[in-house]
Amino acid sequence: MDPGPLADRGPAPHPRRNYGEDASQARTASGPRAMAALRNLAIGALKIAGHPNIAAATRQHARDATRTMATLGRTPP
């Protein structure tokens, strides 16, 4: 059987899973829409703050809550 032109494509790319959407328990009603809005809000805030690499910025902010507060223009309590 000849695989034809599809043989040279290589493996399929993996979907983006930076925010753990697959592990989320919010799967009904407006939960998915609210989670998408929060994710987009976080990405937008990081872009406005000037982070060129959103994945790296997300990891940095996850490690240190004071960094997140500073990005949002707040001082930690």
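Look up a bit, the structure's there.
Our focus in this paragraph is the overall build of the protein. Scanning the protein from N- to C-terminus turns up 3 helices and 0 strands. When the helices and strands of the protein are read in sequence order from the N terminus, they spell out α-α-α. Taking all 77 residues of the protein together, the buried fraction comes to 9%. Accessible area for the protein stands at about 6700 Å²; split by element, carbon and sulfur atoms hold 58% of it.

Further remarks concern a nonpolar patch on the surface. Taken together, the side chains of M35, L38 and L41 make up a nonpolar region of the molecular surface, amounting to roughly 320 Å² of accessible area. Tracing the backbone shows L41 in helix α1 (residues 31-48).

End to end, α1 covers 26 Å across 18 residues, agreeing with the expected 26 Å (1.5 Å per residue, within 8%). Every buried residue of α1 is listed here: G31, I43 and L46. Around the axis of α1, the buried residues are gathered within 100° of arc, so they sit on the same side. Residues R33, L41, K47 and I48 are exposed on α1 and point more than 90 degrees away from its buried face. In the core, the buried residues of α1 are packed alongside α2 (54-63).

Conventions adopted
Residues numbered from 1 in each chain as written. Predicted model: local features only at pLDDT ≥ 70, side-chain atom pairs only at ≥ 80, totals over all residues. Heavy atoms only, no water. Helix = DSSP H or I, 4+ residues; strand = E, 2+ residues; numbered from the N terminus. Buried < 20%, exposed > 50% of the residue type's maximum accessible area, 1.4 Å probe, protein only. Areas by Shrake-Rupley, 256 points an atom, 1.4 Å probe, with all protein chains shown as cover. Patch = residues over 30% accessible without salt bridge, like charges linked within 9 Å, V, L, I, M, F, W, Y side chains within 5 Å. Salt bridge = Lys/Arg side-chain N within 4 Å of Asp/Glu carboxyl O. Expected span 1.5 Å × (residues − 1). Arc of directions from axis to C-beta. Contact = heavy atoms within 4.5 Å.

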